[in-house]
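Listed here are the chains, written in short residue letters.
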Amino acid sequence: MRWSVKTSFDHVRGGKRLSSLIAVVLLAALTASPIYGQTGRGGQGLETAIAAQEWHTDALLANPGVIGTAVGYNADGVPVVKIFIETAGVTGLPKRLDGVPVVVQVTGRVYALHHRLGHSGGPGGGEEVDPTARFDRPVPIGVSTGHPDITAGTIGARVTDGTNVFALSNNHVYADENNAIISDDVLQPGSFDGGSSPADAIGTLYDFEPIVFSTSANNTMDAAIALSSTGVLGNATPSDGYGTPKSTTMAAFINQKVKKYGRTTSETKGRVSAINATINVGYGSGVARFVNQIIIEPGSFSAGGDSGSLVVVDGKGKDRADDRKPVGLLFAGSVFITVANPIDPVLTRFGVTVDGE
């Protein structure tokens, strides 16, 4: 049965028992999933917000101008369902869902963040380090890379299966949005930054998770790995970055402080503003819906060319022991938000761990 937006919003009136049963099932499923760990410190109220978000997302996304949903906190620290819209003025949106407050947030359109001609955030790196440059081998992580047929993205991390080492980045950076062939070269720097094949190859495409280009899809990651070697690929950022990531990962939670090092904006810091996001992302090949994603703010956290960056904990004080633990794989964003895949499903998909400290 296809529910209209109004019918879905009002389901409690005519189907309270059914709604309660579905909410219980949703909560049980979330508890069993790796993403559920991202609720972290939110408690029961956040679980209720997630259940409401999950139930209503399809109906909300049917509204023109709505591009996504997530859960977060409002200014008073109350768990809320967030509705992401392209521009102000979208009408017909609820103020509450199953008793959970709703926050409507203008995000603009969200795109995969490889470098686009005319849409770059500009070169980064400061006076001493330029992440767009060609680096002596072994190259650091966090710098320009890409398949020969794309412009440029970012090396996220060196990962290992215990025998081989690989460069981790996005599908749209290393596999050209599903169009590449296994064993194709990957370059450092990317072709937009002067890299060419085979002279600047640092490895070959080894595996990628295909992206389903549909607004009804349930993509969970935009990820790929390239077979490399320790003589060609290092495991730390350039000298002006955070250094070597930890091998032990950490699940995202709301208000978690994070940082990343990327090709365009170098090292930036932000915070996780929402979790469990379902969001439509624009690519050259079409629009793809992603689920269970991490939202990071402010908008200056990333720009075009930062796709593939590893998002890690920015640990200070009592959280210092968690500093540099991987949280996510950056792949998309707008001028207001950044979107990242949770890192654990990505690593599990390829049977690897971060080759770090």
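Residues numbered from 1 in each chain as written. Predicted model: local features only at pLDDT ≥ 70, side-chain atom pairs only at ≥ 80, totals over all residues. Heavy atoms only, no water.

Peer 1: Explain the pattern of salt bridges residue by residue, including any values.
Peer 2: Across all of its chains, the model carries 14 salt bridges by this definition. Between K259 and D314 there is a salt bridge whose closest N-O contact spans 3.7 Å. Separated by 55 residues along the polypeptide, K259 in strand β13 (residues 257–262) and D314 in the loop between β16 (310–313) and β17 (326–333) bring together distant segments of the chain. The same class applies to K259 as to D314, namely buried. Here K325 makes a salt bridge to D322, at a shortest N to O gap of 2.9 Å. D322 shares its class with K325; the two are buried. Here the salt bridges share partners, and the residues they tie into one network are K259, K269, D314, D323, R324 and E357. (Salt bridge = Lys/Arg side-chain N within 4 Å of Asp/Glu carboxyl O. Helix = DSSP H or I, 4+ residues; strand = E, 2+ residues; numbered from the N terminus. Buried < 20%, exposed > 50% of the residue type's maximum accessible area, 1.4 Å probe, protein only.)

Peer 1: An account of the pairing of strand β15 (residues 286–297) is needed here, citing residue identities and associated values.
Peer 2: Across the 12 residues that make up β15, a large majority, nine, are buried. Across nine bridges, strand β14 (residues 266–283) lies against β15 in antiparallel orientation. By the bridge assignment, N280 is partnered in β15 with R289. Taking the residues that link successive antiparallel strands as the turn, the β14-β15 hairpin has two residues. With three bridges connecting them, β15 and strand β18 (residues 338–342) associate as antiparallel partners. Of the residues in β18, the one forming a bridge with I296 is T338. (Pairing = 2+ DSSP bridges.)

Peer 1: Residues and numbers for the side chain of S228, please.
Peer 2: For S228, the position within the fold is in strand β12 (residues 224–228). At a separation of 2.7 Å, a polar atom in the side chain of S228 contacts the main-chain carbonyl oxygen of I202. Those residues in contact with S228, other than ones at most four positions away along the chain, are V165, F166, I202, G203 and L233. (Polar contact = N/O pair within 3.5 Å; in protein donor to acceptor, adjacent residues only side chain to side chain. Contact = heavy atoms within 4.5 Å.)

Peer 1: Kindly report on the nonpolar core, identifying the contributing residues and their values.
Peer 2: Ranked by size, the top nonpolar core spans 37 residues in total, and within it I155, V159, L168, Y174, L205, I343 and V346 carry the most contacts. Contributions of two or more residues to this core are made by β8 (157–160), β9 (165–169), α5 (171–174), β11 (201–208), β12, β16 and α6 (343–350). If you tally residues by element for this core, the top one is α6, at four residues. Ignoring anything within four residues of it in the chain, the contact list for V159 reads N164, V165, F166, L168, I225, L347, V352, T353, V354 and D355. Core analysis: the second largest hydrophobic core is formed by 31 residues, L60, L61, M250 and V311 among them. (Core = buried A, V, L, I, M, F, W, Y, C linked by side-chain atoms within 4.5 Å.)

Peer 1: An account of unusual backbone geometry is requested, with residue identities and associated values reported.
Peer 2: Residue P189 is reached from Q188 by a cis peptide bond, and omega for that bond is 5 degrees. Take P189: it is sitting in the loop between β10 (185–187) and β11. The phi torsion at D176 lies on the positive side, around 50 degrees, for a residue other than glycine. Along the polypeptide, D176 turns up in the loop between α5 and β10. For D176, a relative accessible area of 18% corresponds to the buried category. At N292, a position not held by glycine, the phi torsion is positive, near 60 degrees. Mapped onto the secondary structure, N292 falls in strand β15.

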